[in-house]
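Notes for the structure review
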Amino acid sequence: MDEVREIERIIERIVNLIRRGYSRGKILSEMVEDTSIFSREKLFEMARCRMRSREKFGELGERLFLDEESLRYSTPPLIADYRARRLEGDIIADISCGAGIQAIYFAMRSGKVIAVERDPVKLELAKLNARLLNIKNMEFIQGDALSREVYGRIKADIVFSDPSRKPEERIRTMDGLEPPPLKVYDIYRKVTDKIAFELPPQIRKENVLIDGEREYTSLDFKLNRLALYTGPLKRCDVSAISLPREERVTSNDPRRKVGLAEQPLDYLYEVDPTIVKADLLENLAGKIDFDGFLLMMGKRRTLLTSSEWFESSFLRGYHFLTSCKFSVEEIRKELLDVDAGKVMLRFSIDPKDYWRFRKRLEEGLSGSKKVELFRVGERAILAERVNS
Ligand SMILES: C[S@@+](CC[C@H](N)C(=O)[O-])C[C@H]1O[C@@H](n2cnc3c(N)ncnc32)[C@H](O)[C@@H]1O
């Protein structure tokens with residue numbers, strides 16, 4: 001624990017110095033020493049990450065040891081915990097463990113975790129995080145997961161890999177991932193037939209070249225992750241899970257066709273983009289017995305409408321108020337009529353124009369309603385969120 005305390009102390013000191021306005025140059029040249037594990041530049045980076053990691057990791061974030069890359073790519077705790085429950089096993093090998101967040105959650109649920117990482121600095125972060133959280137059932141291996149020296153040492157009933165992705169790559173493919181899933185699959189099938197991967201959630205399904213269940217994970221109504229479960233881990237072809245409520249829709253759920261709407265009915269529903277990406281809209285409709293229509297469908301926003309109320313964490317419900325031509329004058333007239341005070345823009349608009357446009361609509365409004373404004377073609381649709 002002493003090492004953890006020592007690094008903890010240095011990071012806290014750097015955080016204090018940054019808060020007091022000291023420059024990076026001054027902190028690095030005069031005030032901080034390297035440790036046996038981390039250079040002073042790395043310690044500075046870790047301190048900067050500490051100041052920003054609460055948003056992703058909650059209170060735990062103020063204690064975790066992360067660098068820029070691991071802050072960006074580590075698994076958010078709610079997802080890591082869910083994944084650990086889905087992949088509970090006797091021995092799990094996480095063969096590209098990064099700063100160890102997912103591996104630590106595996107260790108909380110499984111008998112033992114073997115954590116492999118090629119980058120020695122990341123592996124040190126993973127060790128520190130495990131010690132910080134008092135995790136004792138982890139074995140750490142530094143090396144290339146594709147090398148014989150490493151895979152020859154791994155005896156596990158589940159193998160998991162969350163590879164690095166190149167941020168600049170536009171069309172997501174399996175080749176752009178490190179370690180490449182096809183190679184991992186080839187090598188580790190000799191160890192176990194239960195292999196799971198994290199893939200970039202935007203990858204096209206035809207680029208997923210290994211048979212398995214594609215499970216799209218939504219976190220707070222946003223597509224966050226795509227897991228691929230192979231062999232006996234596969235339960236269906238495609239699924240979507242919504243966290244934190246853990247509602248699930250799968251390709252095994254009965255499908256129900258959703259026809260096109262002529263006009264909005266009493267309720268509008270925004271569909272979680274995760275469902276659209278997973279191509280499970282009809283399965284969701286079948287699962288909740290949705291009786292209604294499709295107003296619009298797109299990558300960013302899909303809207304359903306119905307005269308009935310439906311509950312699902314994959315749907316965000318609104319009361320329909322009114323609709324009109326999409327012009328500022330007409331929308332303002334309707335906003336006054338429905339007693340609006342604020343307007344939330346729920347259509348694609350360049351972020352730099354968002355506030356200018358919203359102010360034009362809100363000018364002179366003094367009503368009590370917070371109105372949500374959608375755009376369907378040349379029509380404006382005004383609605384009010386139903387909190388459920
Ligand atoms: C996305 S991060 C893993 C994050 C981790 N799942 C978490 O929740 O903290 C991917 C890691 O894979 C490691 N990696 C890439 N290729 C590897 C290889 N051939 N062997 C072992 N690790 C590798 C990278 O160094 C990187 O730290």
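Reading the values: the criteria
- Residues numbered from 1 in each chain as written.
- Predicted model: local features only at pLDDT ≥ 70, side-chain atom pairs only at ≥ 80, totals over all residues.
- Heavy atoms only, no water.
- Helix = DSSP H or I, 4+ residues; strand = E, 2+ residues; numbered from the N terminus.
- Buried < 20%, exposed > 50% of the residue type's maximum accessible area, 1.4 Å probe, protein only.
- Contact = heavy atoms within 4.5 Å.
- Areas by Shrake-Rupley, 256 points an atom, 1.4 Å probe, with all protein chains shown as cover.
- Lys, Arg positive; Asp, Glu negative; His and termini not counted.
- Charge placed at Lys NZ, Arg CZ, Asp CG, Glu CD.
- 1 Å grid on protein atoms, 1.4 Å probe; cavity = no way out; pocket = protein on both sides within 12 Å on 5 of 7 lines; lining within 4 Å.
- Points joined across faces, edges and corners; volume = space filled by probe spheres on them.
- Domains from an automatic or database assignment.
- Pairing = 2+ DSSP bridges.
- Axes fitted to C-alpha atoms, helices over the stretch in contact; angles between N-to-C directions.

Regarding its fold elements, the protein chain presents 14 helices and 18 strands. Expressed along its principal axes, the backbone C-alpha trace of the protein chain runs to roughly 70 × 55 × 35 Å. Residues counted as buried form 53% of the 388 residues belonging to the protein chain. A separation threshold of at least 6 residues defines the contact pool for the protein chain, and within that pool the share at least 24 residues apart is 66%. A total of about 19100 Å² of accessible surface is found on the protein chain, and carbon and sulfur atoms cover 45% of it. For the protein chain, the distance from the average position of its 70 positive side-chain charges to the average position of its 66 negative side-chain charges is 2 Å.

Topologically, serine 53 is positioned in the loop between helix H3 (40–52) and helix H4 (54–57). Sequence-distant contacts of serine 53, defined by excluding residues within four places in its chain, comprise Gly58, Gly61, Glu62, Leu66 and Leu71.

Turning our eyes to something else, we now look at the layout of surface pockets. To locate leftover empty space, one rolls a probe as large as a water molecule over the atoms. A volume near 890 Å³ is recorded for the largest pocket. Taken together, 23 residues form the lining of the largest pocket, with Gln202, Leu223, Pro273, Lys299 and Arg300 sitting closest to its centre. Taken together, the elements giving at least two residues each to the lining of the largest pocket come down to strand E9 (222–229), strand E12 (267–271) and helix H11 (273–277). Here the lining of the largest pocket gathers at least three residues from each of two domains, domain 2 (72–210) and domain 3 (267–385). Of the pockets and cavities examined, the second largest pocket occupies roughly 550 Å³.

What follows deals with the sheet that holds strand E11 (residues 247–250). Spatially, the 9 strands line up as an open sheet ordered E3-E2-E1-E4-E7-E9-E8-E10-E11, and their pairing is mixed. In the strand order of this sheet, the two ends are held by strand E3 (138–142) and E11, each with one partner. Here the average twist between neighbouring strands, direction ignored, is 20°. In this structure, strand E2 (residues 112–117) lies alongside E3, joined through 5 bridges in parallel fashion.

What follows is about the sheet that holds strand E15 (residues 315–325). Read from one edge of the open sheet, 7 strands run E13-E14-E12-E15-E18-E17-E16, paired in mixed fashion. The open sheet has two edge strands with one neighbour each: strand E13 (293–296) and strand E16 (340–345). Strand-to-strand, the axes of this sheet are offset by a mean angle of 40°, without reference to chain direction. Pairing analysis gives 3 bridges linking E13 to strand E14 (residues 303–306), with the strands arranged antiparallel. Paired with methionine 296 across the bridge in E14 is leucine 303. Helix H14 (residues 351–362) rests against E16 and strand E17 (369–376) of the sheet, and its axis sits at about 155° to E16.

Geometry only, nothing functional implied.
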